Structures are given as structure tokens and as C-alpha cells.
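Overview (structure and organization)
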Amino acid sequence: AQRVTQPEKLLSVFKGAPVELKCNYSYSGSPELFWYVQYSRQRLQLLLRHISRESIKGFTADLNKGETSFHLKKPFAQEEDSAMYYCALSGVSGGYNKLIFGAGTRLAVHP
Amino acid sequence: EPEVTQTPSHQVTQMGQEVILRCVPISNHLYFYWYRQILGQKVEFLVSFYNNEISEKSEIFDDQFSVERPDGSNFTLKIRSTKLEDSAMYFCASSEKGAKYEQYFGPGTRLTVT
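The rules behind each value
Residues numbered from 1 in each chain as written. Chains lettered and ligands numbered in written order. Predicted model: local features only at pLDDT ≥ 70, side-chain atom pairs only at ≥ 80, totals over all residues. Heavy atoms only, no water. Pairing = 2+ DSSP bridges. Helix = DSSP H or I, 4+ residues; strand = E, 2+ residues; numbered from the N terminus. Contact = heavy atoms within 4.5 Å. Buried area = accessible area lost by both parts, 1.4 Å probe. Salt bridge = Lys/Arg side-chain N within 4 Å of Asp/Glu carboxyl O. Polar contact = N/O pair within 3.5 Å; in protein donor to acceptor, adjacent residues only side chain to side chain. Nonpolar A, V, L, I, M, F, W, Y, C, P; charged D, E, K, R; others polar. 1 Å grid on protein atoms, 1.4 Å probe; cavity = no way out; pocket = protein on both sides within 12 Å on 5 of 7 lines; lining within 4 Å. Points joined across faces, edges and corners; volume = space filled by probe spheres on them.

Time to look at the sheet that holds strand 3 (residues 19-21) of chain A. Residue and element names in this part refer to chain A. Reading across the sheet, the three strands line up as 3-8-7 and stay open at both edges, with antiparallel pairing between neighbours. Strands at the two margins of the open sheet, each flanked by one partner only, are strand 3 and strand 7 (60-61). Looking at chain direction, strand 3 and strand 8 (residues 72-74) are connected through three bridges and run antiparallel. Looking across to strand 8, one finds that glutamate 20 is bridged to lysine 73.

Moving on, we come to the interface of chain B and chain A. Residue-level contacts link 22 residues of chain B with 20 residues of chain A. Interface of chain B and chain A: buried area, both sides summed, is about 1900 Å²; carbon and sulfur atoms make up 54% of it. Counting the contacts that link chain B with chain A gives two salt bridges. Counting across the interface, chain B meets chain A through six residue pairs in polar contact (both at pLDDT 80 or more). Elements with a minimum of two residues in the side of chain B that touches chain A: strand 4 (31-37), strand 5 (43-50) and strand 6 (53-57) of chain B. When residues in the side of chain B that touches chain A are grouped by element, the largest group, four residues, is from strand 4 of chain B. The residue makeup of the side of chain B that touches chain A, split by class, is 11 nonpolar, six polar and five charged.

Take the side chain of serine 95 of chain B next. All names here are of chain B. Positionally, serine 95 belongs in strand 9 (residues 88-95). Polar side-chain contacts of serine 95 include one of 3.2 Å to the backbone oxygen of glutamate 102. Residues within four places of serine 95 in sequence aside, it is in contact with His29, Leu30, Tyr31, Tyr33, Tyr101, Glu102 and Gln103.

Here we come to the layout of surface pockets. Quantified by volume, the largest pocket comes out at close to 930 Å³. What lines the largest pocket is a set of 34 residues, among which Gln38, Gln42, Leu44 and Tyr86 of chain A together with Phe91 of chain B lie closest to the centre. For the lining of the largest pocket, the elements supplying multiple residues, two or more each, are strand 6 (45-49) and strand 9 (83-91) of chain A together with strand 9 and strand 10 (104-105) of chain B. Each residue belonging to the lining of the largest pocket can be placed in one class, and the counts come to 16 nonpolar, 10 polar and eight charged. Estimated volume of the second largest pocket: approximately 280 Å³. If you tally residues by element for the lining of the second largest pocket, the top one is strand 5 of chain B, at three residues. Along the lines of polarity and charge, the residues of the lining of the second largest pocket split into seven nonpolar, two polar and seven charged.

Distances and angles like these do not, on their own, reveal function.
Written out as C-alpha cells, the structure is:
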């Protein structure tokens, strides 16, 4: 079964601390993994995807196929990073046309 | 920058009534999607639409649901006879290419069924 698990509902850190938002997935083929972010009163928007291997706003995520994980990391959190973060999966074979979301993790960065 | 728009932002309806949620995808996009999020739960895929037909639908998307692209710009989700459990935030999304690529989301329509 296709599934995305984000074990933490809330992650609370102080400004300048490192951040790691966990994401594990279950998928039988070769998935495409994404992180979407929703800032307060804004729409869901793409933060990054594993195929582009880029860093956006200081965030990075590495796909670990052995551990079936796609954790989101940032070395130094900023207050403006406070938001809801969703890990999502899209299948290459089967489920090609949809995103499967995790439950989301709320990141709260305190001054 | 072009955005996906959705109307209305909030819809209140009585159980058993029909509702139509409207979306205007980004103009050069070819793939369209509806998702929903029940309060406190995860965002769930409902249906994808390409080339004027449904390309995939979830088990949630039963006979009470239908989608349509009535003209060159709108993309609608119809719920024929609403139930209390249909209360949720409904998100429309569009993508220039398939779901391997970025999906652009609308702001959502909050549907409340009383």
C-alpha cells in the first residue's frame, strides 16, 4: 500500500537550532517525493522535490531508498520557517496522477 | 504570477443538497486535481483529470461526486447529495505536466454540511 508517515504532529525549536522533519514512505515502485509547505493563511506550495536535488530557503531533503525516508533538514531555523510541512509521494508506475500526503508536521520556531 | 483560484471560499449547505465547487486552474496547465482535507486529518486525493476525462479517482470519489471542465477555464467538483461527512476543505490543483511535477494549489473551499 502507498503510504506516507510523518511521525511528529508538532516540532518546536528555537531560532538558530537545527531542524529535521521526518518522513517515511511505503511504495512498491520508484516514487517521486516532495515536501509541500503551508504558511499561515496561505495556500499549499511546493518547497522541494527529490528529483531536483536543490536547496530551497536553506532546506534540503535526501531520498534514502534503503530506509524509505525523505527527511527535511535545515541547519539553522528561522522564525519565518514556522508553518505546516507536508511530505508527499507520487508514484511513477501506478498512482502516477496523484499525490499521497502525510499527516503533516507543524514547525514552530520560537525567538 | 498566475495562481489557481477557487470559489466560493466558504460554502454552507444542508444535508442532501447539491453543491458545486469551482476552480480556475492556471491557463497553460493540462492536469487538474481535487483533494480534500477533513479537519484534523491529512490531505486526501479525490480525482485527477486530463484531456477531458478522469485519469484516476480514489475510493472516496463515489457516484455522488463528479467533475467537469465546462469551458476552457473552469474545473468544477459537484457533490450530488451532500452528507455530514463531506464537510471538509476542498483543494483544487493544477499541473503543467503530470503529478511527477509541481502541483499548484488553490486556496481551498471550506464546505460545511449541516
